[in-house]
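# Summary of the model geometry
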Amino acid sequence: MARLLYAAAAAVVAALCAGAPEAWAAQPRAAVLGDLPPDLRALIVRAIGEADRPIENRFEARRRADGAADDATAVLRSEGYYAAVVQPQVGEGDAPAASVRITPGPRFVLAAPAIEWVGPPPDQTAVQDAEQSLALKPGAPGRAADVVAAEGRAVAAVQKRGYADAKADPRQVVVDYATRTVQPTYRIAAGVLSRLDGIKLTTNGRTSAAWIQHLAPWKPGDLYDPNDVAELQRRLLDTGVYDSVTVGLAPDKDLTPQGLRPVVVSLSEHKRRSISLGASYGTNEGPGGDVTWTHYNVLGRADTLSLFARGSRIDSRVGVDLSLPHWRKADRTLASEIAAYNQTTDAYDATGIGGHVNLIRRYSRTSFLTLGVLVDYSQTKELKPGTLTSLGRDVGTFGLLGDLTLDRSNDPLNPTRGYRIGGRIEPTLLAGKGTVPYLKVQAQGSVYWPLDRLGETVIAARLHAGSIINGTVSDIPAPQRFFAGGGGSVRGFAYQAVGPRLPDNTPQGGLSLVEGSLELRHQLTHDWGVVAFVDAGAVGDRTVPQFKDGGVGAGLGVRYNLGFGPIRVDVATPVSGRRGGAPIQIYVSIGQAF
């Protein structure tokens with residue numbers, strides 16, 4: 001049947017192609033002739049562009065040749081070939097070919113640049129910074145883009161020294177055909193030195209003006225620095241509760257009596273409340289759904305209060321969380337949550353209520369240090385190792401958390417180069433029938449090697465290891481042991497399916513964990529990509545892994561670019577270590593596996 005369908009589809013395509021008129025293959029608007037450096041030729045061809053239809057008469061050919069000559073001349077001058085000879089040409093016949101013959105001539109080079117100050121010059125330090133920022137080396141190719149970019153760097157250097165109103169007047173560029181040089185003279189008006197005041201909030205919204213003030217990365221009286229103004233805007237946008245944020249320096253007519261300039265902040269706030277719905281399906285978890293009701297800016301400090309409910313076969317919970325960004329200091333978030341939950345897995349059942357408070361310190365866009373405290377009370381049902389008798393526990397858990405994530409990859413959802421490393425430490429005290437203190441330690445790292453300049457083919461590797469120090473498998477409740485298997489662990493296996501098992505085949509979990517993954521990712525088109533992968537993992541009943549209860553899975557995946565990141569579909573099968581379960585597992589998620 002599959003072959004029959006394929007043959008029918010092929011016949012339809014062939015018929016359509018046979019019946020369609022011969023398509024016009026896109027060609028350059030005009031051919032480029034002459035002895036040119038390869039990189040210069042590529043720039044000219046790109047500037048000339050392609051034609052969308054063939055030439056029909058000599059008038060059209062002449063028009064294309066003249067247009068190509070103008071485009072080529074513009075490129076040549078921008079690259080420093082001011083003495084180039086460009087000749088548009090038209091071939092013979094009623095519909096001749098258009099071409100342009102180019103003799104580039106010598107490439108002009110830069111002469112020493114100069115800065116001419118319009119009005120009072122800035123202080124000597126700003127003058128030196130502006131001159132050094134030009135970074136135009138005499139004798140280098142006289143490219144127009146380099147000349148223009150140097151002007152922008154000079155103005156930025158002056159602004160960074162406190163001259164907020166610095167601007168460039170029309171520059172003078174002398175092209176000397178005798179010496180074959182290009183000498184730019186920049187005319188810059190520095191203006192007056194500006195010192196910053198506090199923040200002036202112009203939006204009538206729910207945000208507290210006092211809270212905005214403490215986000216300023218400067219003190220009143222500090223010299224203006226554009227990076228400080230940009231940093232304030234970044235801090236406000238990072239809260240995620242504003243539709244738009246505008247930050248700018250007040251005009252000089254709004255100076256305070258002390259001669260300071262306020263910084264004007266305008267905020268467009270989200271609607272007060274939002275509701276979000278979600279759904280999921282997994283071959284092991286079955287159908288799942290979640291709903292979240294969120295209230296923004298309850299306290300007037302970009303806070304987020306959410307009520308949530310999630311349901312699935314494995315994990316269901318309801319709770320509330322509160323996030324306070326820039327808590328007491330910029331780039332620190334206080335996040336708290338309390339939830340009641342019910343978990344039903346092959347290894348254990350657990351019902352309980354717990355909460356945590358975390359202080360998250362941000363160091364870059366995706367690098368964080370988290371310190372936290374956890375309190376949890378649960379009732380668990382599991383099988384006791386050795387006797388296989390049903391074991392019910394009432395457990396109180398008191399824990400501390402330290403987590404460090406350092407991300408040096410180029411994209412959070414689809415990295416093609418760089419690395420990520422992280423470490424997590426959790427000192428924990430169990431209270432029930434006796435007390436058991438233990439330490440849970442985990443470390444993880446991943447690295448991404450592009451095999452080509454554009455990162456279309458990438459090798460990605462991941463390693464994850466963990467250990468529970470102090471206590472035995474019987475001492476540690478099943479929900480707090482290590483398990484492996486599933487979409488975020490060892491693909492090809494069901495959730496918790498890798499590791500030691502009890503005699504009745506129930507997953508036992510363990511005190512140690514090692515996982516590794518290797519992927520070959522290739523981008524077929526802008527939207528579609530494919531992945532081949534191998535995952536391996538082992539769970540041990542001792543603090544140090546023994547690698548005897550492990551599994552290896554392998555498979556293929558498809559990626560579709562959603563714009564902000566890929567959606568992934570992975571199909572995997574166990575290679576070794578399978579103990580029952582389905583031979584094929586399917587995983588669907590957003591973002592790469594790691």
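Look up a bit, the structure's there.
Below or above, wherever it landed, is the structure these notes cover. (Residues numbered from 1 in each chain as written. Predicted model: local features only at pLDDT ≥ 70, side-chain atom pairs only at ≥ 80, totals over all residues. Heavy atoms only, no water.)

### A few points about the overall build of the protein
What counts is decided by this rule: Helix and strand assignments come from DSSP, with helices taken as H or I runs of at least 4 residues and strands as E runs of at least 2, each series counted from the N terminus. Restricting the calculation to C-alpha atoms gives the radius of gyration, and the globule rule supplies 2.2 Å times the number of residues raised to the power 0.38. Partly exposed describes any residue whose relative accessible area lies between the buried limit of under 20% and the exposed limit of over 50%, with all areas from a 1.4 Å probe on protein chains only and scaled to the type maximum. Contacts were defined at the residue level, with two residues in contact if any of their heavy atoms lie within 4.5 Å. All accessibility values rest on the Shrake-Rupley procedure with a 1.4 Å probe; residue burial counts only the protein chains present in the view. We score Asp and Glu as negative and Lys and Arg as positive, and we do not count His or the chain ends. Where a charge lies is defined by one atom per residue type, namely NZ (Lys), CZ (Arg), CG (Asp) and CD (Glu).
When helices and strands are tallied, the protein shows 7 helices and 28 strands. Rg of the C-alpha trace for the protein: 33 Å, well past the compact-globule value of 25 Å for 594 residues, more than 25% over. Dimensions of the protein, computed from C-alpha atoms along their principal axes, come out at roughly 95 × 85 × 45 Å. For the protein, with 594 residues in total, the buried portion stands at 40%. Of all intrachain contacts in the protein linking residues separated by at least 6 positions in sequence, the fraction that spans at least 24 positions is 57%. Accessible surface, the protein as shown: approximately 30,800 Å² in total, 58% of it carbon and sulfur. Of note, the protein has its 63 positive side-chain charges centred 3 Å away from the centre of its 59 negative side-chain charges.

### Thoughts on the environment of Ala-164
Inspection of the secondary structure assignment puts Ala-164 in the loop between helix H5 (144-160) and strand E8 (167-176). Given the relative accessible area of 13%, Ala-164 is considered buried. Taking C-alpha positions, Ala-164 is 50 Å from Val-531, a pair spaced 367 residues apart along the chain.

### What about the sheet that holds strand E12 (residues 260-269)?
We apply this condition: For two strands to count as paired, DSSP must find a minimum of two bridges between them. As a rule, the C-alpha atoms of each element are fitted with a line to give its axis, helices using only the stretch in contact, and angles between N-to-C directions run from 0 to 180 degrees.
Taken together, the 3 strands give an open sheet; going across it, the order is E10-E12-E11, and neighbouring strands pair in mixed fashion. This sheet does not close on itself; its edge strands, each paired only once, are strand E10 (195-201) and strand E11 (242-249). Between one strand axis and the next, the sheet turns by 20° as a mean value, whatever way the strands run. As judged from the 7 bridges shared by E11 and E12, these two strands associate in the antiparallel manner. Paired with Tyr-242 across the strands is Glu-269, a residue of E12. Each of E10, E11 and E12 is contacted by helix H7 (residues 226-238), which is oriented at about 165° to E11, the strand it contacts most.

### Brief notes about the pattern of salt bridges
Where we set the bar: A pair is scored as a salt bridge if a Lys or Arg side-chain nitrogen falls within 4 Å of a carboxyl oxygen belonging to Asp or Glu.
On inspection of all chains with the given rule, the structure shows 34 salt bridges. A salt bridge links Glu-79 to Arg-107; the shortest N-O distance between them is 3.0 Å. Placement of Glu-79 in the loop between helix H3 (58-78) and strand E4 (85-90) and of Arg-107 in the loop between strand E5 (98-103) and strand E6 (109-110) is noted, with a sequence separation of 28 residues between them. Accessibility expressed as a relative area gives 11% for Glu-79, which makes it buried. Asp-165 is the partner of Arg-261 in a salt bridge, and the nearest nitrogen-oxygen pair spans 2.9 Å. Taken together, the residues span a long stretch of sequence, with Arg-261 in strand E12 and Asp-165 in the loop between H5 and E8 at a distance of 96 residues. According to the relative accessible area criterion, Asp-165 is partly exposed, its value standing at 33%. Three or more residues are tied together by salt bridges with common partners; here these are Arg-491, Glu-519, Arg-521, Asp-535, Arg-559, Arg-568 and Asp-570.

### Points about helix H2 (residues 38-48)
Counted only if it meets this: Of all possible arcs, the one meant is that of the directions from the helix axis to the C-beta atoms.
Along H2, the positions that sit buried rather than exposed are Leu-40, Ile-44 and Ile-48. Buried residues in H2, looked at end-on, bunch into an arc of 70°, giving them a common side. When the buried face of H2 is taken as reference, the exposed residues oriented beyond 90 degrees from it are Pro-38, Asp-39 and Arg-46. The inward-facing, buried residues of H2 contact strand E2 (31-33), strand E3 (50-51), H3 and E5.

### As for the packing of aromatic side chains
The condition is simple: The criterion for an aromatic pair is that two Phe, Tyr or Trp rings (for Trp, the six-membered ring) have centres within 6.5 Å, with stacked assigned to planes under 30 degrees apart, edge-to-face to planes over 60 apart and tilted to the rest.
Inspection of every chain in the model, using the stated rule, returns 5 aromatic pairs. A ring pair is formed by Phe-108 and Tyr-177, whose centres lie 5.4 Å apart and whose planes are at 75°; its orientation type is edge-to-face. In this pair, Phe-108 sits in the loop between E5 and E6 while Tyr-177 sits in the loop between E8 and strand E9 (181-189), placing the two residues 69 residues apart along the sequence. Each ring, one from Tyr-348 and one from Phe-483, has its centre 6.1 Å from the other, and the planes form 50°; the classification is tilted. You can see Tyr-348 sitting in the loop between strand E17 (332-344) and strand E18 (349-364) and its partner Phe-483 sitting in the loop between strand E23 (457-469) and strand E24 (512-523), a full 135 residues away along the chain.

### Digging into H7
Which entries qualify depends on this criterion: Expected span of a helix, by definition, is 1.5 Å for each gap between consecutive residues, and there is one gap fewer than residues. Here a polar contact means two N or O atoms within 3.5 Å. Within protein one must be a hydrogen donor candidate and the other an acceptor candidate, and residues neighboring in sequence count only if both atoms are side-chain atoms.
End to end, H7 covers 18 Å across 13 residues, agreeing with the expected 18 Å (1.5 Å per residue, within 8%). Taken together, the buried positions of H7 are occupied by Asp-228, Val-229, Leu-232, Arg-235 and Leu-236. Buried residues of H7, seen end-on, are gathered within an arc of 120° and therefore sit on one face of the element. The residue sitting at the N-terminus of H7 and contributing the capping side-chain oxygen is Asp-225; that oxygen lies 2.9 Å from the backbone nitrogen of Asn-227. The first or second residue beyond H7 is Gly-240, which carries a positive phi of 75°.

### What to know about empty space enclosed by the protein
Which entries qualify depends on this criterion: Only protein atoms enter the 1 Å grid used here, on which a cavity is any set of points holding a 1.4 Å probe that cannot leave and a pocket is any open set flanked by protein within 12 Å on both sides along at least five of seven lines; residues with an atom within 4 Å of a point are listed as lining. Grid points are joined across faces, edges and corners, and a volume is the space filled by probe spheres set on the points. Residues were grouped as follows: Ala, Val, Leu, Ile, Met, Phe, Trp, Tyr, Cys and Pro as nonpolar; Asp, Glu, Lys and Arg as charged; and all remaining residues, including Gly, as polar.
Going through the model one piece at a time under the given rule, you end up with 1 cavity of 30 Å³ or more. Taken as a whole, the largest cavity encloses approximately 40 Å³ of empty space. Every residue along the wall of the largest cavity is listed here: Ala-347, Leu-383, Pro-385, Ala-478, Arg-481, Phe-483, Leu-502, Pro-507 and Gln-508. The class makeup of the residues in the lining of the largest cavity is 7 nonpolar, 1 polar and 1 charged.

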